[in-house]
Amino acid sequence: MSKAKKLSLPSNDSAEFYNYKPKDLIWAKMKGFTPWPAMIVEPSIDLLNQPRKANTKSVFFFGTRNFAWIETNNIKPFEGPWKTELAKVNKPNSFRHAMADINAYIEDPTEIDAEITKNTLINHSTEADFDKIRDGLTDDDATNDARGADDGDMAVGTIAAEVAIESDEIPPQPYKTPIKRTPKAKSSAVATVKARSSVSGAGNKSTKRRRSSQVANSSAKRKRNSSVGALEDLNDYINRKTTTPPSRRKINADVLAHISSTSRRNVNAIALLDRPVVSRPEAQAIDMNARSQTLAERDITPSHLTFGFLGLGIMGSTIVKDLLCTGHKVVVWNRTMLKCTAFAEAGAEVKGTPMDVVEASDVIFCCVSDPKASKDLVFGNCGVLGVKDMNGKAYVEMSTIDPETSQDIAEGIQSAGGRYLEVQIHGTRQEAEDGMLIILAGGDRSVFEDCHSCFKTIAKNTFFLGAEVGNACKVNLILQTIVGVSLVGLAEALALADRFSISLKDIIDIFELTSMKSQLLLAKGKEMAKGDFNPQHPLSHMQKDLRLVLSMAENLDQSMPVTAITNEVFKHTKRLGYSEHDSSAVFQYTKNADANQNGKLKDHVISSSTTHGYNNSSHSQCNEFYNACAEAQTNSVEKQKGFTTKVDNFEELLNGNKSVMKKLRKTLF
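Predicted model, so just to flag it, every value in this text is computed and none were measured. (Residues numbered from 1 in each chain as written. Predicted model: local features only at pLDDT ≥ 70, side-chain atom pairs only at ≥ 80, totals over all residues. Heavy atoms only, no water.)

*Asks:* Describe in detail helix 18 (residues 371–379), supporting the description with residues and values.
*Replies:* For helix 18, every residue scored as buried is listed here: Pro371, Ala373, Ser374, Leu377 and Val378. The buried residues of helix 18 all sit within an arc of 165 degrees when viewed along its axis, so they share a single face. (Buried < 20%, exposed > 50% of the residue type's maximum accessible area, 1.4 Å probe, protein only. Helix = DSSP H or I, 4+ residues; strand = E, 2+ residues; numbered from the N terminus. Arc of directions from axis to C-beta.)

*Asks:* Residues and numbers for the sheet that holds strand 3 (residues 56–61), please.
*Replies:* A sheet is described by the order of its strands in space; here five strands give the open sequence 4-3-2-1-5, paired in antiparallel fashion. One side of each edge strand has no neighbouring strand; the edge strands of this open sheet are strand 4 (67–71) and strand 5 (75–77). Averaged over all adjacent pairs, the angle separating strand axes in this sheet is 45 degrees, with direction ignored. Alignment of strand 1 (residues 25–28) against strand 2 (residues 36–40), held across four bridges, turns out to be antiparallel. In the strand pairing of strand 2, Trp27 is matched with Pro37. (Pairing = 2+ DSSP bridges. Axes fitted to C-alpha atoms, helices over the stretch in contact; angles between N-to-C directions.)

*Asks:* Quick one: what's the story with the environment of Lys460, residue by residue and with numbers?
*Replies:* You can see Lys460 is positioned in strand 13 (residues 459–464). Along the sequence, Lys460 and Asp434 sit 26 residues apart, while their C-alpha atoms lie 9.3 Å from each other. If near-sequence neighbours (up to four positions away) are discounted, Lys460 is found in contact with Arg298, Gly435, Met436, Leu437 and Ile438. (Contact = heavy atoms within 4.5 Å.)

*Asks:* Could you give me a rundown of the packing of aromatic side chains, with the residues and numbers involved?
*Replies:* Within the structure shown, the criterion is met by twelve aromatic pairs. A centroid spacing of 6.5 Å and a plane angle of 20 degrees characterise the contact between Tyr395 and Tyr420, whose relative ring orientation is stacked. Of this pair, Tyr395 sits in strand 10 (residues 394–397) while Tyr420 sits in strand 11 (residues 419–426), and the two are 25 residues apart along the sequence. Assigned by exposure class, Tyr395 and Tyr420 land together as buried. Centre to centre, the rings of Phe533 and Tyr578 are 6.5 Å apart; their planes meet at 85 degrees, and the pair counts as edge-to-face. Placement of Phe533 in the loop between helix 25 (519–530) and helix 26 (539–555) and of Tyr578 in helix 27 (residues 561–578) is noted, with a sequence separation of 45 residues between them. On the basis of relative accessibility, which here comes to 8%, the residue Phe533 falls in the buried class. Relative accessible area serves as the criterion here: at 13%, Tyr578 is assigned to the buried category. Through pairs of rings, three or more aromatic residues link up here, namely Trp27, Trp36, Phe78 and Phe95. For the cation-ring pair, Lys76 lies above Trp82, with the distance from its terminal atom to the ring centre recorded as 4.0 Å. Over the face of the ring belonging to Phe464 we find Arg445, whose NZ or CZ atom lies 4.7 Å from the ring centre. (Phe/Tyr/Trp six-rings, centres within 6.5 Å; stacked < 30°, edge-to-face > 60°. Lys NZ or Arg CZ within 6 Å of the ring centre and 35° of its normal.)

*Asks:* Summarise the packing of helix 23 (residues 471–499) against helix 24 (residues 504–513); cite the residues concerned and give the values.
*Replies:* It is the contact of helix 23 with helix 24, at a shortest axis distance of 9 Å, that shows an interaxial angle of 135 degrees. By the angle between their axes, helix 23 is oblique relative to helix 24. The way helix 23 lies across helix 24 gives a crossing that is right-handed. Every residue of helix 24 that contacts helix 23 at Leu494, Ala497 and Asp498 is listed here: Leu504, Ile507 and Ile508. Among the residues making up the contact of helix 23 with helix 24, the classes are represented as five nonpolar, no polar and one charged. (Parallel < 35°, antiparallel > 145°, perpendicular 65-115°, else oblique. Left-handed = near helix turned anticlockwise from the far one by under 90°. Nonpolar A, V, L, I, M, F, W, Y, C, P; charged D, E, K, R; others polar.)

*Asks:* Mind laying out the sheet that holds strand 6 (residues 306–310), listing which residues take part and the relevant values?
*Replies:* With respect to topology, eight strands assemble into an open sheet ordered 8-7-6-9-10-11-12-13, the strand pairing being mixed. One side of each edge strand has no neighbouring strand; the edge strands of this open sheet are strand 8 (349–350) and strand 13. By the bridge criterion, four bridges tie strand 6 to strand 9 (residues 363–366) in an arrangement that is parallel. Bridge pairing links Phe309 to Phe365 in strand 9. On the sheet, helix 15 (residues 314–325) packs against strand 6, strand 7 (329–333), strand 11 and strand 12 (437–443) and is oriented at approximately 155 degrees with respect to strand 7. Against the sheet, helix 19 (residues 403–415) engages strand 10 and strand 11, with an angle of about 150 degrees to strand 11.

*Asks:* Report on the side chain of Asp582, specifying residues and quantitative values.
*Replies:* Along the polypeptide, Asp582 turns up in the loop between helix 27 and helix 28 (586–591). Only 2.8 Å separates the side chain of Asp582 from the backbone nitrogen of Gln536, close enough to count as a polar contact. The contacts of Asp582, once residues within four sequence positions are left out, are Lys524, Glu527, Phe533, Asn534, Pro535, Gln536, His537, Pro538 and Leu539. (Polar contact = N/O pair within 3.5 Å; in protein donor to acceptor, adjacent residues only side chain to side chain.)

*Asks:* Before we move on, could you go through unusual backbone geometry and cite the residues and values that matter?
*Replies:* Backbone geometry follows two general trends: most residues other than glycine have a negative phi, and most peptide bonds adopt the trans configuration. Notably, Cys382 is not glycine yet its phi reads approximately 60 degrees, a positive angle. Topologically, Cys382 is positioned in the loop between helix 18 and strand 10. A residue is classified by how much of its surface remains accessible, and Cys382, at 32% relative accessible area, is partly exposed. Look at Ser501: it is not a glycine, yet its phi comes out positive at around 60 degrees. Its place among the elements puts Ser501 in the loop between helix 23 and helix 24. Accessibility expressed as a relative area gives 43% for Ser501, which makes it partly exposed.

*Asks:* For the packing of helix 23 against helix 25, give the residues involved together with the corresponding values.
*Replies:* Two elements in contact, helix 23 and helix 25, have axes whose closest approach is 10 Å; the angle formed by their N-to-C orientations is 45 degrees. For the element pair helix 23 / helix 25, the angle class is oblique. Here helix 23 and helix 25 pass one another in a crossing that is right-handed. Contacts from Val483, Ser486, Leu487, Leu490, Ala491 and Leu494 in helix 23 reach Leu520, Leu521, Lys524, Gly525 and Met528 in helix 25. A class-by-class count of the residues in the contact of helix 23 with helix 25 yields eight nonpolar, two polar and one charged.

*Asks:* Quick one: what's the story with a nonpolar patch on the surface, residue by residue and with numbers?
*Replies:* A cluster of nonpolar residues, Val475, Ile478, Leu479 and Ile482, forms a patch on the protein surface that exposes about 310 Å² of accessible area. Within the secondary structure, Ile478 sits in helix 23. (Patch = residues over 30% accessible without salt bridge, like charges linked within 9 Å, V, L, I, M, F, W, Y side chains within 5 Å. Areas by Shrake-Rupley, 256 points an atom, 1.4 Å probe, with all protein chains shown as cover. Salt bridge = Lys/Arg side-chain N within 4 Å of Asp/Glu carboxyl O.)

Next up, the structure:
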């Protein structure tokens, strides 16, 4: 007999027909596998979620104890002249285990029958149970129904007692409402309406009215909860004068938990649930007494003007502290008023709304997270423009925004009688504390002169880019593009060094000696090497800046493919949970990029195993196996030794699926 002959079931006689029923022992043939000892069973819950071809049976495989849909032409009775032939074929250990399993079942079916019952629809909750959960009906509702019915006459009390009986005492027949929304019912109802419309126009109208009334009643019943819905059910029963009372079945919480735990998850759900949990960076309390040596050495004469400040975030709080330390009079506001406490103790005046800050100040600074927040402070309720006449007051926008937003805010301020200056600050939190920021300004020159003492406090260089609003925003976003692309390049290079088990500290030390060195990349590289991502410039802000750059380039039809890819890298890092960490946390994505690819392959294998009928215990083993592989890939090459054995063990789990194993070995080794 040839090998092809051995791996197929004996052909059926054309006159031979088998009427398979549950509990029938069979030989089942799946594509790519030899005939396997199995049994006809009721479909499992997982199996019902899978596509099913015509003329298929639900099959339970012995040994692997999985479920699958098998076409009837690939099924033969277990007992027959072919049994000896199929059982003697040279098979792997898993097949011999399956033969032992079916023989044990023939002797004592108790264990396997219990497992099959647990995984199939037998004794599981029906769709009516889920309808009751959706409507908010519980076991206590049934008790309330009975109590409410006792207030009526004896007949109503008797019926209520029947309603309160649990499903353990009544056969599990779910109560059907008068209108059952199924495709068949809808089509028949529509056909009835059309038939009646052909007979009489008046009949058509009455039918529509009755149908609308029934649908309205059905919708109302879905919104009922508690005892009110129960009494309505009771009244409906009395009016219909039926013989079968509406039963309230007890919902078994364990069964529902089992259903939710065994239901097949799609690939997107698996990817979502497998997202890592990253703790937020601890918020650093600002030290109002600390003052950098660089700032202390500067000769700064504070302005006589009162400066308002809206927003006490990472940069805003640092700038306000510097202004207070140099003797400026400052009025502050923040959405979270708790942050204002330390500044109030240091001498700042706190106001309840942005409008109050405008009224108490000569020059108002704004430093918030994004363009939307900037517009909300200006045009929102109790915002800056809540003051009807700004009477020459100056408004300085320091948030990193796009040129269009800056122009909109400028128009609003100028229309209210104010002066406008856009100021883009380039630098990190540490540079702000040291007074080493770069100031890029554009707009009203008189406002720029009024803020001279403030700029001298926080910046080492200041540039006025002309009266045209938007120039400063454009220059700042261009600089941020260079920073973002450089950070991703640095992160990828250090990730490669980490894969080679080369010391990242050595790489940084050598880099510092080259002509490529820069203070920014050196600082970020050290943070990546240490894994210290305390936010100096949050990653979410960097990704926002790149998004604004791409939007600005799109308006000009300017191609920026490298920036687009850089933006995607930052977006993926945000998804990993590093949104509020420093922008150097992008290293975490580049370092674990291979582990992310393993995750995609894992989803493919799990999806493949579901298609081939593997159960959830196999899915769990898939997860455990790939988690171990991902961990190995993030470590040195030496730590990957010994994983070949795990791959071989996993191959037995997949029953020799060569295509999956080929991808697995290619990815890992």
